[in-house]
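So you can see what is in the structure, the chains are spelled out below.
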Amino acid sequence: MEPMHNIPARGGLNFDETPFLAIWEVTQSCDLACKHCRAAAQPIAHPDELTNAEGKALIDQIAAMHVPIFVFTGGDPLKRKDVFELIRYAADKGVQVALTPSATPLLTREAIFKLKEAGLVRLGISLDGSTPEIHDAFRGLPGAWARTIQAIEWANEAGIPIQVHSTISRHNAHDLDNLCALFEKLAIVMWNVFFLVPVGRGQIADLLSGEEFEQVFGKIYELSHRVSFQIKTTEAMHYRRYLLQHNLEERKMGHGSGHPHAAAAAHKYEPGAPTADAKTRTASWATRRVNDGKGFMFISHVGNVYPSGFLPIHAGNIRETPLAEIYREAPIFKSLRDTSKLEGKCGACEYKEICGGSRARAYALTGDPLAEEPCCIYQPRNWDPELEQKADAFRHLEPSQTLVAL
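The text that follows walks through the structure, step by step, so that each part is easy to find. For clarity, every value in this text was computed on a predicted model and none was experimentally measured.

Further remarks concern the pattern of salt bridges. For the structure on display, the rule yields 18 salt bridges. Among the ionic pairs, D48 bridges to R319, the shortest N-O distance being 3.2 Å. With D48 in the loop between β1 (21-25) and α1 (52-65) and R319 in the loop between β10 (316-317) and α10 (323-329), this pair connects stretches of sequence that are 271 residues apart. Looking at D48, the relative accessible area reads 40%, which means it is partly exposed. Of the charged contacts in the structure, one is a salt bridge between R170 and E212, with a shortest N-O distance of 2.8 Å. Of this pair, R170 sits in the loop between β5 (162-168) and α6 (176-186) while E212 sits in helix α7 (residues 210-224), placing them 42 residues apart in sequence. For E212, a relative accessible area of 22% gives the class partly exposed. Three or more residues joined by partner-sharing salt bridges are found here, namely D177, K219, E222 and R226.

With that out of the way, let us pick up the packing of aromatic side chains. Summed over all chains, the structure comprises 15 aromatic pairs. For the ring pair F194 and F310, a centre distance of 4.9 Å and an interplane angle of 35° mean the geometry is tilted. One end of the pair, F194, is in strand β6 (residues 190-195); the other, F310, is in the loop between β9 (304-306) and β10, and 116 residues separate them in sequence. We note that F194, like F310, is buried. Seen in terms of ring centroids, Y239 and Y242 are 6.1 Å apart; in terms of plane orientation they differ by 20°. Their pairing is stacked. Here Y242 and Y239 lie together in helix α8 (residues 238-252), a separation of three residues that amounts to about one turn. Site record: aromatic cluster; members linked through ring pairs are F195, F213, F217, Y221, Y239 and Y242. The positively charged end of R109 is found above the aromatic ring belonging to F113, 4.4 Å away from the centroid. Cation over ring: R337 sits above Y327, and NZ or CZ is 4.6 Å from the ring centre.

Across the sheet, which stays open at both edges, the ten strands sit in the order β7-β6-β5-β4-β3-β2-β1-β8-β9-β10 with mixed pairing between neighbours. Two strands in the sheet have a free side with no partner beyond their single neighbour: β7 (230-234) and β10. Pairing analysis gives two bridges linking strand β8 (residues 296-299) to β9, with the strands arranged antiparallel. Directly across from I299, in β9, lies its bridge partner V305.

Moving on to the nonpolar core. Residues F70, F72 and W191 are the most contacted members of the largest nonpolar core, which totals 108 residues. Not counting chain neighbours up to four residues away, the residues in contact with F70 comprise A22, I23, W24, L58, I59, I62, V95, Q96, V97 and A98.

Taken across its five residues, strand β2 (residues 69-73) has five buried, putting it largely inside the fold. Across the two faces of β2 the burial is the same, with I69, V71 and T73 and F70 and F72 all buried. Looking at chain direction, β1 and β2 are connected through five bridges and run parallel. If you follow I23 over to β2, its bridge partner there is V71. In this sheet, strand β3 (residues 97-99) lies alongside β2 in parallel orientation, the contact comprising three bridges. Across the sheet, F72 pairs through a bridge with L99, a residue of β3. Of the crossover connections in this fold, the one passing from β2 over helix α2 (residues 83-92) to the parallel β3 is right-handed.

Turning our attention to the side chain of R359. On the secondary structure map, R359 appears in helix α13 (residues 359-366). Comment: no salt bridge for buried R359; closest opposite-charge side chain is E373, at 5.8 Å. Filtering out sequence-adjacent residues up to four positions away, R359 remains in contact with N291, D292, L311, L336, L342, C346, P369, L370, A371, E372 and E373.

Each value, and the rule that gives it
- Residues numbered from 1 in each chain as written.
- Predicted model: local features only at pLDDT ≥ 70, side-chain atom pairs only at ≥ 80, totals over all residues.
- Heavy atoms only, no water.
- Salt bridge = Lys/Arg side-chain N within 4 Å of Asp/Glu carboxyl O.
- Helix = DSSP H or I, 4+ residues; strand = E, 2+ residues; numbered from the N terminus.
- Buried < 20%, exposed > 50% of the residue type's maximum accessible area, 1.4 Å probe, protein only.
- Phe/Tyr/Trp six-rings, centres within 6.5 Å; stacked < 30°, edge-to-face > 60°.
- Lys NZ or Arg CZ within 6 Å of the ring centre and 35° of its normal.
- Pairing = 2+ DSSP bridges.
- Core = buried A, V, L, I, M, F, W, Y, C linked by side-chain atoms within 4.5 Å.
- Contact = heavy atoms within 4.5 Å.
- Right-handed = clockwise from strand over helix to strand, strands pointing away.
- Lys, Arg positive; Asp, Glu negative; His and termini not counted.

See below:
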């Protein structure tokens, strides 16, 4: 089985029509209380969550849209009694389902083997520290680290590819080397490094600064040259800019062909160069231009559709509007896919087509989903902050003041 984020999109996806990745929050019910939790999950299921029939109808729509990857998340999806039936239904429709369970007593060896039998193609497990002390404090449950390690071992035994998710913030940014050493022993296929978006229980105090983002990027870049698994980032779109910058620099200095994840496409993304064709775009996660609402969508437990789980701008509900219509026509989705609407230095940036910044983090910190990425220190070539400040001040003048300013 290929890594989840390297499954070729059918014919090269047009993100205006079809997302690369869709996530369904099958339930908000969960027995953990993780510090960063977007869902503010509760032990009891919401009475209005999508029914079994509605879930199958959603899967039908995902199949009709030819979405390459469909993720069941929560809450804890194992709290939903029909989760195995829904996975089997999706598999029968040709939909590739991944699952992100919580490390609770529900995640048994029997459950993991049952997931495999139902047709699961990938298991996403959260591990935020190389030691129980780091991980368990973050997850709010003693013993969560040990249960997570055990679940990974069971998944290996069952033959389910494992993708580990780590939320990076101030509590564990120092632990990346040790985490990677642990992952090598655990035989994972991909490490998904999630950069905190301060929503739900996620706190601004835990958010890394722009300079700290670059330091973590440097560490990820270094590690990705020598680990046996792939590394991708989530809500750190500017790592693509960092990776391509360094890859181009290495190639210009004659240090081989550059980074293995970017070498095939780096020349396509030199500032001012044409964007990559479909084949190049799907060659690697590193240059795939997925962003919130752009190749990505999130369906909540009650059927509300959002650009991502961390960008809570309601675009419609599948009980009222077909999923494809919401993704293709909802104003917020169309705006997020239009890079000409990006504001601040993101709008001026020569990397905006492959990056575009975290729209979720921009919204969380400014209330504007099109504002510039708050945690990026890169200065675009044609960016003049002083001129932008003057233009911004002019835009906010009252009509009566405009003539005076002119």
